[in-house]
Amino acid sequence: MVAGLFSPAPAMTSNSRIELVCPAGSLPALKTAVDHGADCVYLGFKDATNARNFTGLNFDANAMREGVRYAHDRRRKVLLALNTYPQAGNWSAWTAAIDRAADLGIDAVILADPGLMAYAQKTHPALRLHLSVQGSATSYEAINFYAERFGIQRAVLPRVLSLPQVEQVIANTAVEIEVFGFGGLCVMVEGRCALSAYATGESPNCNGACSPGKHVRWEQTPSGMETRLNGILIDRFGDGERAGYPTLCKGRFDVGGETYYAIEEPTSLNTLELLPDLARAGIRAIKIEGRQRSPAYVAQVTRVWREALDRVMRDIDGFRVQPAWIAELDKVSEGRSHTLGAYYRPWK
Amino acid sequence: MNAMNAMNPMKLALGPLLYYWPRQATLDFYAQVADSPADVVYVGETVCSRRHELRLDDWLEVAAMLRAAGKEVVLSSQSLIESESDLKALRRIVAQADFRVEANDMSAVHLLTGAGRRDWIAGPTLNIFNPHTLALLAESGATRWVAPPEMSGAVLAELLASGAPQIKTEVLAWGRLPLAHSARCFTARHFNLQKDTCEFRCLGMSDGLVLRTREGEPFLTLNGVQTQSARVHNLLADLSSVRRSAQVVRVSPQGEHTIRVLELFRESAVGRLAPQEAFRRSAECMVEAPCNGFWHGRPGVEQYVPS
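It should be emphasised that the depicted structure is a prediction, and the values quoted were computed from it without experimental measurement.

Caption draft 1: Main features of the overall build of chain B. When its secondary structure is counted, chain B shows eleven helices and twelve strands. Against the globule reference of 19 Å for 307 residues, chain B gives a C-alpha radius of gyration of 18 Å, in line with a compact fold. Within chain B, the proportion of its 307 residues that are buried is 64%. If you take every contact in chain B between residues at least 6 apart in sequence, the share linking residues at least 24 apart comes to 68%. As displayed, chain B has an accessible area near 10900 Å², and 50% of this comes from carbon and sulfur atoms. Positive and negative side-chain charges in chain B, numbering 32 and 33 respectively, have mean positions lying 1 Å apart.

Caption draft 2: Spotlight on the packing of aromatic side chains. All names here are of chain A. Enumeration over the complete set of coordinates arrives at 13 aromatic pairs over all chains. Consider the rings of Phe145 and Tyr146, whose centres lie 5.6 Å apart with planes at 80°: the pair is edge-to-face. Overall, the relative accessible area of 3% leaves Phe145 in the buried class. A relative accessible area of 2% places Tyr146 in the buried class.

Caption draft 3: Molecular detail of the pattern of salt bridges. One pass over the full model with this rule turns up 49 salt bridges over all chains. With a closest N to O distance of 2.8 Å, Glu19 of chain A and Arg154 of chain A form a salt bridge. Placement of Glu19 of chain A in strand E1 (residues 19-23) and of Arg154 of chain A in strand E6 (residues 154-156) is noted, with a sequence separation of 135 residues between them. Among the residues examined, Glu19 of chain A registers a relative accessible area of 12% and is labelled buried. A salt bridge links Glu84 of chain B to Arg91 of chain B; the shortest N-O distance between them is 3.4 Å. Residue Glu84 of chain B is classed as buried on the basis of its relative accessible area of 16%.

Caption draft 4: Structural context of the nonpolar core. Ranked by size, the top nonpolar core spans 202 residues in total, and within it Ile152 and Trp305 of chain A together with Tyr30, Val43, Trp145 and Phe265 of chain B carry the most contacts. Ranked by residue count, the leading element in this core is helix H10 (residues 295-314) of chain A, at nine residues. Not counting residues within four places of it along the chain, the set of residues in contact with Trp145 of chain B comprises Ala122, Ile128, Leu134, Met151, Leu156, Leu159, Leu160, Ile167, Lys168, Thr169 and Glu170 of chain B.

Caption draft 5: Spotlight on the environment of Gly255 of chain B. With respect to the element layout, Gly255 of chain B can be found in the loop between strand E11 (248-251) and helix H10 (258-269). If sequence neighbours within four positions are ignored, Gly255 of chain B has contacts with Trp21, Ser206 and Asp207 of chain B.

Caption draft 6: Expanded view of the interface of chain A and chain B. Contacts between the two partners involve 68 residues from chain A and, on the opposite side, 64 residues from chain B. Counting across the interface, chain A meets chain B through seven salt bridges. Note that Glu82 of chain B and Lys348 of chain A form a salt bridge whose closest N and O atoms lie 2.7 Å from each other. Between chain A and chain B we count 40 residue pairs in polar contact (both at pLDDT 80 or more) in total.

Caption draft 7: The domain arrangement of chain A, seen in detail. Residue and element names in this part refer to chain A. Once the domains are mapped, chain A shows domain 1 (19-185 + 267-347) and domain 2 (195-260). Of note, the centres of domain 1 and domain 2, computed from C-alpha atoms alone, are 27 Å apart. Contacts between domain 1 and domain 2 engage 15 residues on the former and ten residues on the latter. At the surface where domain 1 touches domain 2, the tally comes to zero salt bridges. Of the residues belonging to the side of domain 1 that touches domain 2, the class tally is five nonpolar, seven polar and three charged.

Caption draft 8: Spotlight on the sheet that holds strand E9 (residues 216-221) of chain A. Residues and elements named next belong to chain A. As summarised here, the arrangement of the three strands in space is E9-E10-E11, forming an open sheet in which the pairing is antiparallel. Here the strands that pair on one side only, and so sit at the sheet edges, are E9 and strand E11 (232-237). Each neighbouring strand pair of the sheet contributes to a mean axis angle of 25°, computed without reference to strand direction. Pairing between strand E10 (residues 224-229) and E11: five bridges, direction antiparallel. Opposite Arg228, over in E11, you have Leu233 as the bridge partner.

Caption draft 9: Spotlight on the UniProt feature "binding site: [4Fe-4S] cluster" (unreviewed entry) in chain A. Residue and element names in this part refer to chain A. Under the UniProt annotation, "binding site: [4Fe-4S] cluster" (unreviewed entry) lies at Cys186, Cys193, Cys210 and Cys249. Taking the farthest pair of C-alpha atoms as the criterion, the annotated set spanning 64 residues converges on one region, since that pair is 10.4 Å apart. Within the secondary structure, Cys210 is located in the loop between helix H8 (204-207) and E9. Excluding its chain neighbours within four sequence positions, the residues that come into contact with Cys210 are Phe54, Ser196, Pro204 and Thr247. Examined against the element boundaries, Cys249 turns out to sit in the loop between E11 and strand E12 (253-255).

Caption draft 10: Spotlight on the pairing of strand E8 (residues 188-193) of chain A. Within E8 of chain A, six of the six residues are buried, leaving the element largely enclosed by the surrounding structure. Strand direction decides the pairing type here: E8 of chain A and strand E7 (residues 168-182) of chain B, joined by two bridges, are antiparallel. Each bridged residue has a counterpart across the sheet, and for Met188 of chain A the counterpart in E7 of chain B is Ser182 of chain B.

Caption draft 11: Broad picture of the packing of helix H1 (residues 27-35) of chain A against helix H2 (residues 61-73) of chain A. All names here are of chain A. Taken N-terminus to C-terminus, the directions of H1 and H2 make an angle of 10°; their axes are 10 Å apart at the nearest point. One way to sum up the angle between H1 and H2 is to call them roughly parallel. In this structure, H1 contributes Leu27, Leu30, Lys31, Val34 and Asp35 to the contact, and H2 contributes Ala63, Glu66, Gly67, Tyr70 and Ala71.

Caption draft 12: Inspection of the packing of H10 of chain A against helix H11 (residues 323-331) of chain A at higher detail. Residue and element names in this part refer to chain A. Closest axis-to-axis distance for the H10/H11 pair is 9 Å, and the angle between their directions is 150°. Here H10 is positioned roughly antiparallel relative to H11, judged by the angle of their axes. As for the relative orientation of H10 and H11, their crossing is left-handed in sense. In contact with Gln300, Val301, Arg303, Val304, Trp305, Glu307, Ala308 and Arg311 of H10, H11 contributes Trp325, Glu328, Leu329 and Lys331.

Caption draft 13: Expanded view of the pairing of E7 of chain B. All names here are of chain B. Within E7, 13 of the 15 residues are buried, which leaves it mostly tucked inside the rest of the structure. Examined bridge by bridge, strand E6 (residues 142-146) and E7 share three bridges and lie parallel to one another. The residue bridging Trp145 from the neighbouring strand is Thr169, located in E7. Sheet analysis places E7 next to E11, joined by four bridges and oriented parallel. Residue pairing for E11: Val171 is matched across the bridge by Val249.

Caption draft 14: Molecular detail of helix H6 (residues 131-139) of chain B. With seven of nine residues buried, H6 of chain B lies mostly within the body of the structure. All of the buried residues in H6 of chain B are Pro131, Thr133, Leu134, Ala135, Leu136, Leu137 and Ala138 of chain B. Next to the buried residues of H6 of chain B lie helix H4 (114-123) and helix H5 (140-150) of chain A together with helix H5 (106-114), strand E5 (120-122), E6 and helix H7 (153-161) of chain B. Measuring from the side-chain oxygen of the N-cap residue of H6 of chain B to the backbone nitrogen of His132 of chain B gives 3.1 Å; that N-cap residue is Asn130 of chain B.

Here is what the cut-offs are and how they apply
Residues numbered from 1 in each chain as written. Chains lettered and ligands numbered in written order. Predicted model: local features only at pLDDT ≥ 70, side-chain atom pairs only at ≥ 80, totals over all residues. Heavy atoms only, no water. Helix = DSSP H or I, 4+ residues; strand = E, 2+ residues; numbered from the N terminus. Rg over C-alpha atoms; globule rule 2.2 N^0.38 Å. Buried < 20%, exposed > 50% of the residue type's maximum accessible area, 1.4 Å probe, protein only. Contact = heavy atoms within 4.5 Å. Areas by Shrake-Rupley, 256 points an atom, 1.4 Å probe, with all protein chains shown as cover. Lys, Arg positive; Asp, Glu negative; His and termini not counted. Charge placed at Lys NZ, Arg CZ, Asp CG, Glu CD. Phe/Tyr/Trp six-rings, centres within 6.5 Å; stacked < 30°, edge-to-face > 60°. Salt bridge = Lys/Arg side-chain N within 4 Å of Asp/Glu carboxyl O. Core = buried A, V, L, I, M, F, W, Y, C linked by side-chain atoms within 4.5 Å. Polar contact = N/O pair within 3.5 Å; in protein donor to acceptor, adjacent residues only side chain to side chain. Domains from an automatic or database assignment. Nonpolar A, V, L, I, M, F, W, Y, C, P; charged D, E, K, R; others polar. Pairing = 2+ DSSP bridges. Axes fitted to C-alpha atoms, helices over the stretch in contact; angles between N-to-C directions. UniProt positions renumbered as here; feature names shortened; annotations may be inferred. Parallel < 35°, antiparallel > 145°, perpendicular 65-115°, else oblique. Left-handed = near helix turned anticlockwise from the far one by under 90°.

As structure tokens, this is what we get:
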């Protein structure tokens with residue numbers, strides 16, 4: 001299909017392994033993920049170098065050292081998200097984080113910024129590079145650019161492609177493809193969303209934060225519970241309604257005189273039922289979102305996905321989604337509901 | 001003021017049309033642009049591959065007409081590339097040699113570098129936030145770059161002061177801010193339609209579809225798969241600080257008064273209008289209240305007046 005350096009990735013065979021990549025916002029969450037069957041755990045430092053820069057979350061160097069030891073002792077991998085965009089004035093914080101990752105024996109760094117990729121490639125040639133979802137690479141032409149330039153070995157796809165589009169990417173690149181399987185759903189192309197920056201001044205790209213808690217206000221008013229982000233009304237809930245966190249793309253707004261979830265409902269991505277198709281397409285890893293979530297969430301979600309992945313790798317044709325899995329996952333889903341997102345074309 | 005103008009002449013650019021207008025309205029608009037103060041004009045569809053009132057050949061005709069009128073013309077490419085047909089369209093844009101190309105996705109950068117092009121523009125969606133990434137793109141053939149709209153003036157100045165390569169800088173200084181892209185079409189969603197059968201409902205919404213909070217405050221603008229601010233990013237009052245970093249200043253097309261806006265920027269740039277006066281006169285050209293927070297390192301929605 002395309003001339004280039006790369007031969008297509010090998011097709012899924014019954015013994016190809018798909019890695020389960022689970023989130024850890026703390027050392028207890030990391031241990032929980034490992035104990036419940038994660039192949040890889042991804043995490044970040046306690047600062048703006050990663051896209052889940054939330055108060056009380058993430059790792060200092062000591063916790064990370066212990067986490068790496070815990071995972072490596074059990075032959076699991078640790079991936080470090082350094083997936084925000086450094087600026088001239090804070091560049092050295094990001095390069096120092098890459099140096100620390102290499103020192104700590106991190107198995108791969110997940111990067112979005114090309115400048116940082118060049119730094120990592122030059123300074124730590126043995127360090128494995130993954131292209132973050134924040135890099136917004138939605139086509140094999142984009143992915144192959146990062147591969148040719150910086151030697152990235154894996155790319156995480158933004159949550160915007162339909163299943164046939166995912167297949168098309170995989171068929172035209174040698175880079176391993178990782179997709180999101182479960183968790184909070186970004187409706188916008190990751191890395192291309194400045195909605196939070198517009199409302200609060202803090203963005204996923206530069207600050208590692210979306211709709212950050214310090215700008216949130218909950219207020220009981222005569223017309224209901226109101227949730228605001230930096231003063232902007234994101235939603236209002238009646239007595240019988242469960243008031244959700246004001247993530248700004250998941251509020252109810254008025255368009256043309258009609259009030260509804262104009263961008264997206266508060267819902268989670270859940271692709272369990274697509275697992276055989278994703279496996280046949282040749283994905284090499286499936287990612288669970290939620291570094292900001294509790295160890296209990298990590299335990300529940302990792303357990304279900306471990307079981308599902310083992311089933312699909314053992315008997316792809318006989319794979320059936322177990323109702324108990326869905327029930328378990330819906331308990332921890334945003335809005336207690338789930339969607340296939342863009343994998344399912346009509347969602348678009 | 002005049003001394004600075006002599007040192008740093010400002011080019012005025014008209015960004016790509018982000019909305020979907022009927023064919024004749026679009027052609028009429030660019031006929032006016034030919035006589036406008038714009039030095040640079042970006043043409044082409046950047047938002048949605050389903051929009052087809054003008055196809056690439058039509059855009060090339062518009063481009064040729066504008067060039068004949070003395071404009072520097074750039075072909076803009078689509079920001080979100082999803083399908084093989086998106087890539088085909090991109091390859092056609094890269095393959096033509098008559099006009100420079102604005103790369104709005106790394107797939108375009110890959111194709112342009114693969115074709116050996118050394119004259120392209122790195123668009124505002126490439127997430128260039130530091131001098132190292134900017135240098136990489138400059139080495140790859142970019143001769144101008146557009147700063148991400150969320151970048152503040154101070155961060156931009158710092159970037160340019162810290163060993164940035166020889167490359168021209170462009171800053172978006174007018175228009176509803178392009179804030180996000182999605183696979184989902186929010187205009188189709190509003191009409192309970194799917195994107196694949198959207199009935200082209202965005203056609204003729206000259207400035208998109210306003211989204212308000214439940215208190216009635218205009219907040220965002222739905223423009224198909226793109227989400228914009230409701231407020232109009234307006235840096236007319238900040239033009240002096242913009243010009244300290246940027247050689248090219250971009251105005252984004254809107255339903256009405258675009259030419260007047262270009263004139264206000266030109267008059268201000270040549271010193272015929274003081275920045276505050278230009279800003280004051282621009283009130284009649286705005287579909288919503290102004291904002292300039294991003295430029296001042298604040299929430300983009302704010303209108304910040306330095307004290």
